[in-house]
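One letter stands for each residue in the lines below.
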Amino acid sequence: MSAWFDLTRAHAPALIVAAPLIGAALAFVSPWSRLAWAIGVLSCGGVAAVAFDHAIWGAGAPGAELGLSHHMILALRYDGVSAFAAPLITTSALLVLLGGAAHWRGPHPGATPHIVSLFLLCLAGWLAALFLGEMIGIFLAIETAWIAAIGLVALTAQSRGGLNGALRMLVVGGVGSVLFLLGAGLIFRAAGDGDLGALARSEIVAPHMATAGFTLVVFSLALKAGVAPLHAWAGPALGRASGFGAAMIAAVSCVGAAVLIVRLAGYALTTSAIANGFSVALAALGAASVLIGSVQALGASDLRRLSGYALASLTGGVLLSAALGSFAGYAAALVQVFALVAAALGLSCGAAAAGVHAIAHLDGLARRAPLASAAITASALSLMSAPLTIGFLGRWRLVEAAIGAGWWWAAGAMVIASLAGVFYGGRLVERIYFRRAVESVSTTPTGGWTYASALIAAIAATALGLAPAPLLRAAAAAAALITGAAA
Amino acid sequence: MNAELLMLGLISAPVVQALAAVALARAPAARDGAYILGALVAATCAVLLIGAARAGTPVRVSLAQPLPDVDLAFALEPFGALMAVVISGLGLLHAVQTTGLLRATDDAAPGRLLACMALAQAGALSIALSANLFTLFVAYQGLALAAFPLVAHGGGVEARQAARAFLATLLGAAIALFLPAMIWTYAVAGALDFRAGGILAGHVDVFGANVLLTLFAFGSAMTALPPLHRWLPASSHAPYPALASIQSVAVLPAGCIGFVKIAAFVFGPVLIDAGFAARALIALAGAGMCLAALIALSRQDIRERLAYSCMAQSLAVVMGALLALPVGLFAAALQVVALSCAATTLILAAGTVSVVAARQDVRDYAGLGRAMPWTFASFAIASASMIGMPPFAGAWAKLWLITAAAAPSPYGGGGLIWAAVLASLAAVLTFAHLAPLAANALAAQAPTDPFKRPDGASIALVAPVVLSAAATLGLLVLADPLVAFLSPMWTPP
Amino acid sequence: MGESSILSAVAVALAGAFALAGAVVMLLAANVAKKLAGFGVALLGALAALAVLQAPGALLAAAVAVGFGYISLGGGLVVRLQEGYHSVETPEINRADQGDEPAERRA
């Protein structure tokens, strides 16, 4: 038995990437919806277990090359961001999939195997992008994940609006892929190599070209992460997708892209030739996202759109933290990634569980669906950066890191974001608890597993907000690996 | 009993009260009994804690450590212990009167009202006992969130708008001003734990001290320092039990307590470095006091008049705390006690009058004292205290405040005589808007139809008013011992 | 700087501009088919830029594969949009969506 464990641990990164792919293939050929769903849940659960085990016990030398293949494109490179984010994203995916259980009884139950298959393909793509060490492999992984996500949104749509959402994602994906290609080409030309690990050691012949390349790559990922002002697709796509589709986009896809930006920043910012220029670009993008996302969330009238804008603001915080390029900055970025996942899951699964779209439908929700209300409230409080929530902790760590680096303006941007959070988060809480539904709202609560997902996310976020020591330790260890791996 | 347990009991009793109020919402007798019992437990714990505070025993309870070097903790020090006694003692009287009011009125959601009042009290007690700035900030936000439904309790568009203004002002100021100030303090001092002599001592230059003081002063919008005072008059149309929570038992006093703690334990002697901002804020508070008292004079609705009157009293606390003198801090501490006792008496009395005589307009109060002698005698005593007439609590507070203002100022240039003049002028204006009202109620001819209710006021409606009025006499005997008791506030160990 | 490097910089700039122009068409065109055509142009521009930048062949192959994926998926979407909305013009599609959504009660 222990030999199996040792074998699993030795090849954990490869297993983390391969298992969802195998699951996707099995789900695709599965004749029954329930079987496909079970395969999906087992794949996600298994991958999450391996990812947790690997993060806690299997942390090898930073930057160790492991692998599926010794061919450059598919060489796996393990680093702090992969160690921290892989368990997080797989757990998030597991909760989204569990929460989607009710969906299979929806209008197209026969499509379930395809939906689960696309879901696992999307997950595998983002996980592969987290573990691959070469730009070409990362490009392929990201685009696979994104194309799968588009298919998923189109397939799970409960009305024709989902097709429109998928179209917007297609446009964004297309533009993003072109930007990535241009950026990767510039990096290859400037550094002579697309291997992330070799970047810090390689001699950059044209620093400006490399900086421009990384900036283009990050812009491409920022498009997919829903970073403002590149997030015009996010509100309409999330608003038109099904509850399950919206949860998947917000809690897996956007998070995957945001985490990947942090990962790339970890390599780029420790390459002295390009660090300064790239840091400025990343910080500017982060600050813009924080401010624009916050302002847009104030005016949103659809809950999913509001989530999209609020999450853009949170993602901006992640980018700002990463732009600091310091140990404290990376640790703050990872804590905020956790806050991002928790808020995305709580809001999207909570809204799906209660069956609400428009913010006006939240009126009196506490009486109709107290558990979903609790999950949405926990997320709203976190978005408001209310003390003792994970959102507060994330912003506090960022502000601490920013002040340490003399970036007072970043601290100011965070305060503005928190202030906006009071208004849009407070609006949600007020409607849920202090208003009565004056008209019969045709909501279709999904119940069961969706409630469970939303509540697990809310409880995890609340518990870690109160006692964040394990999360802070994990973020610090990952940040040490990022700075160590790149040094 | 173990002091730590007493402190936990004191903080958790109102939380249990809130849970009981919700759980027993459909059994009024059990609900009210549990509510009063909870208030009694809290008051007992607070009184017992005074002994530990007097002995100087270090008592600290840490609930969580949400940030690496900062915990959510409560600590016992004399000022906090005194305030806990005041809040929980008045809370007990308020609880008794609230049950009486609920019996006499037809509230749509009494369980929610009681629960939010109890949670607001827990927030106020947490502020009083907070061990560091972070806990103060958390309790401040918790208190604002708990009090928000109290403002909205009346229902309707106006109440909801008032509640929104309430929450937006208090939370907005906390996040936009208090939070950056807290982060700045943490960045320069590396700690947030309160200590006599100030966290900032030796860590901040003149510019930083001035900016920080300004941020903290406006960030603590619960003190109703203009221009962030709109929440107070906006909330004046809440139901009477909620009104007492907001203006006299929980929110407004908690804002004052928090500000005094910041002045004493975050700044201490650093206030002298922040002389420019401090003098400007003293002038603002002084002018605000006079203006609030003047506006109160123009209001005919008793709730609005009391809201502005309470605002004037609260600004006196701010003025005292900013004088950068031990005497000023002592005056501020006494003023919080005086404000709480007198304002509670006035609001409870107005609540009783509203239920029993169905009168809100001060012009209709004429002669009611003849029909309700106990209530209006208490009203008159509390008015005298608010004005600053001896021998009531407000007199000692005002005396010390004016003395502190006139004393040689550490900011240089002799005493701040103009501040003393402003405080005196505010007292005169308070006299103008409260004294004729009380006198007219007691002296004028009794109205022919004084009571809406044929049986008049029940004991639950009158006894708390009388007892809280009696409390305003407490400082007559306690003022001197309090100097020694509170001295650790301004004496670093 | 040698003549060849100046030429290659100009070529990269031109190819990049071509790619970005295609991307702009993709973002702004009202017709979904034109959006796909814009993507094709953008991809060609990117491939040309990669070629001038002497990027590895694997990256070009990956770009072609991904481009094929997007265009196939886009083609499928065009068909479904035509079936669902009886139009492939985005303004009409957005208007139809707004009609589908129930009117919201304002706060």
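These numbers come from a predicted model, not from an experiment. (Residues numbered from 1 in each chain as written. Chains lettered and ligands numbered in written order. Predicted model: local features only at pLDDT ≥ 70, side-chain atom pairs only at ≥ 80, totals over all residues. Heavy atoms only, no water.)

1. A closer look at the overall build of chain A
Along chain A, the regular secondary structure elements total 20 helices and 2 strands. By its C-alpha atoms, chain A is 65 × 55 × 45 Å across when sized along the principal axes. Across the 487 residues of chain A, 67% fall into the buried class. Sequence-distant contacts in chain A: of pairs separated by 6 or more residues, those separated by 24 or more amount to 79%. In the structure as shown, chain A presents an accessible area of about 14600 Å², 69% of it carried by carbon and sulfur atoms. Of note, chain A has its 22 positive side-chain charges centred 14 Å away from the centre of its 14 negative side-chain charges. (Helix = DSSP H or I, 4+ residues; strand = E, 2+ residues; numbered from the N terminus. Buried < 20%, exposed > 50% of the residue type's maximum accessible area, 1.4 Å probe, protein only. Contact = heavy atoms within 4.5 Å. Areas by Shrake-Rupley, 256 points an atom, 1.4 Å probe, with all protein chains shown as cover. Lys, Arg positive; Asp, Glu negative; His and termini not counted. Charge placed at Lys NZ, Arg CZ, Asp CG, Glu CD.)

2. Overview of helix α2 (residues 32–52) of chain C
All names here are of chain C. The end-to-end C-alpha separation of α2 is 30 Å, in line with the 30 Å expected for 21 residues at 1.5 Å each. Among the residues of α2, those classed as buried are V32, K35, L36, G38, F39, A42, L43, G45, A46, L47, A49 and L50. In this structure N31 caps α2, since a side-chain oxygen of it lies 2.7 Å from the backbone nitrogen of A33. Once α2 ends, the next one or two residues include Q54, with phi positive near 60°. (Expected span 1.5 Å × (residues − 1). Polar contact = N/O pair within 3.5 Å; in protein donor to acceptor, adjacent residues only side chain to side chain.)

3. Thoughts on the confidence of the model for chain A
All names here are of chain A. In the predicted model, chain A carries a mean pLDDT of 84, and the fraction of residues at 70 or more is 92%. Confidence scores differ between elements of chain A, with strand β1 (residues 65–67) showing the lowest mean pLDDT of 47 and helix α5 (residues 112–131) the highest of 92. In this model, residues 61–70 is a region of pLDDT below 50 whose contacts with residues beyond four sequence positions or in other chains number 24 contacts. (pLDDT = per-residue confidence, 0-100.)

4. With respect to the interface of chain A and chain B
Contact residues are listed per partner, giving 24 residues for chain A and 28 residues for chain B. The contact between chain A and chain B buries some 2300 Å² in all, and 82% of this surface belongs to carbon and sulfur atoms. Looking at the side of chain A facing chain B, the largest losses of area belong to A:L388, A:W396 and A:F434, adding up to 26% of the total buried there. One can count 1 salt bridge joining chain A with chain B. As a salt-bridge pair, B:R164 and A:E430 come within 3.5 Å of each other at their nearest N and O atoms. Applying the counting criterion to the chain A and chain B interface returns 1 residue pair in polar contact (both at pLDDT 80 or more). Among the elements of the structure, α17 (390–404), α18 (408–434) and α19 (449–466) of chain A are those that each provide at least two residues to the side of chain A that touches chain B. (Buried area = accessible area lost by both parts, 1.4 Å probe. Salt bridge = Lys/Arg side-chain N within 4 Å of Asp/Glu carboxyl O.)

5. What to know about the state of the cysteines
Residue and element names in this part refer to chain B. Overall, the coordinates contain 0 disulfides over all chains when judged by the stated rule. Free of any disulfide, C45 has its nearest neighbouring cysteine sulfur in C341, separated by 20 Å. Left without a disulfide partner, C310 is nearest to the cysteine sulfur of C256, which lies 9.9 Å away. The class for C310 is buried, based on a relative accessible area of 1%. (Disulfide = S-S within 2.5 Å.)

6. Topic: the packing of aromatic side chains
What the rule picks out here adds up to 21 aromatic pairs over all chains. Centroid distance B:Y365 to B:F379: 6.3 Å. Interplanar angle 65°. Geometry classified as edge-to-face. In this pair, B:Y365 sits in the loop between α14 (326–357) and α15 (368–371) while B:F379 sits in helix α16 (residues 373–387), placing the two residues 14 residues apart along the sequence. B:F379 shares its class with B:Y365; the two are buried. Taken together, the aromatic side chains of A:F392, A:W396, B:F134, B:F137, B:Y140, B:F178, B:Y186, B:F216 and B:F267 make up a single cluster linked through ring pairs. (Phe/Tyr/Trp six-rings, centres within 6.5 Å; stacked < 30°, edge-to-face > 60°.)

7. Some thoughts on the environment of A:A225
Residues and elements named next belong to chain A. Positionally, A225 belongs in helix α9 (residues 207–225). On the accessibility criterion, A225 (4% relative accessible area) is buried. Between the alpha carbons of A225 and L26 there is a distance of 29 Å; along the sequence they are 199 residues apart. If we skip the residues at most four places from it in the chain, A225 touches C254, A257, A258 and T315.

8. What to know about the interface of chain C and chain A
Opposite the 45 residues of chain C that make contact, chain A presents 41 residues. Buried surface at the junction of chain C and chain A, both sides included, amounts to about 3700 Å², of which 72% is carbon and sulfur. Joining chain C to chain A, the criterion identifies 9 residue pairs in polar contact (both at pLDDT 80 or more). When contributions to the side of chain C that touches chain A are tallied by element, the ones reaching two or more residues are α1 (3–28), α2, α3 (57–85) and α4 (90–100) of chain C. Of all the elements, α3(C) adds the most residues to the side of chain C that touches chain A, at 14 residues.

9. A closer look at the packing of helix α12 (residues 272–299) of chain A against α18(A)
Residue and element names in this part refer to chain A. Two elements in contact, α12 and α18, have axes whose closest approach is 9 Å; the angle formed by their N-to-C orientations is 20°. With respect to each other, α12 and α18 are oriented roughly parallel. In the crossing of α12 with α18, the sense of the turn from one axis to the other is left-handed. Together, A283, A287, V290, L291, S294, A297, L298 and G299 of α12 and W409, A413, M414, I416, A417, A420, F423, Y424 and R427 of α18 make up the contact between the two elements. The residue inventory of the contact of α12 with α18, partitioned by class, reads 14 nonpolar, 2 polar and 1 charged. (Axes fitted to C-alpha atoms, helices over the stretch in contact; angles between N-to-C directions. Parallel < 35°, antiparallel > 145°, perpendicular 65-115°, else oblique. Left-handed = near helix turned anticlockwise from the far one by under 90°. Nonpolar A, V, L, I, M, F, W, Y, C, P; charged D, E, K, R; others polar.)

10. Let's talk about unusual backbone geometry
In this chain, A:A228 is followed by A:P229 through a cis amide linkage whose omega measures 5°. Secondary-structure assignment places A:P229 in the loop between α9 and α10 (234–240). Backbone torsion omega between B:P390 and B:P391 reads 10°, so that peptide bond is classified as cis. Along the polypeptide, B:P391 turns up in the loop between α16 and α17 (393–406). Phi angles above zero are rare outside glycine, and A:S385 is one such case at about 60°. Residue classification places A:S385 among the buried positions, given a relative accessible area of 3%. A positive phi is found at C:Q54, a non-glycine position, where the angle reads about 60°. Its place among the elements puts C:Q54 in the loop between α2 and α3.

11. Let's talk about the packing of helix α1 (residues 3–23) of chain B against helix α4 (residues 110–129) of chain B
Residues and elements named next belong to chain B. Axis separation between α1 and α4 bottoms out at 7 Å; the angle between their running directions is 165°. Classified by the angle between their axes, α1 and α4 sit roughly antiparallel to one another. Taken as a pair, α1 and α4 cross one another with a handedness that is left-handed. Touching M7, L10, I11, P14, V15, Q17, A18, A21 and V22 of α1 are G111, L114, A115, A118, L119, Q121, A122, L125, S126 and L129, all from α4. Of the residues that constitute the contact of α1 with α4, the class distribution is 15 nonpolar, 4 polar and no charged.

12. Some details on the nonpolar core
Residues A:F119, B:L133, B:F134, B:M182 and B:F267 are the most contacted members of the largest nonpolar core, which totals 427 residues. Here this core gets 22 residues from one element, more than from any other, and that element is α14(B). (Core = buried A, V, L, I, M, F, W, Y, C linked by side-chain atoms within 4.5 Å.)

13. Re the confidence of the model for chain C
All names here are of chain C. With 90% of its residues at a pLDDT of 70 or more, chain C shows a mean pLDDT of 85. Here α4 stands out as the least confident element of chain C, with mean pLDDT 82; α2 is the most confident, with 92. Note that pLDDT drops below 50 for residues 102–107; the model gives that stretch 10 contacts with residues more than four away or on any other chain. Across the whole predicted complex the pTM is 0.85, and at the interface the ipTM reaches 0.90.

14. Remarks on the pairing of strand β1 (residues 60–67) of chain B
Both β1(B) and strand β2 (residues 70–75) of chain B contribute to a ladder of 5 bridges, which runs antiparallel. Among the inter-strand pairings, B:V61 is bridged to a residue of β2(B), identified as B:F74. (Pairing = 2+ DSSP bridges.)

15. What about the pairing of β2(B)?
Residues and elements named next belong to chain B. Burial analysis of β2 places 6 of its 6 residues in the buried class, which makes it a mostly covered element. The side-chain alternation of β2 yields two buried faces, one formed by V70, L72 and F74 and the other by D71, A73 and A75. The hairpin turn running from β1 into β2, its antiparallel successor, is 2 residues long.

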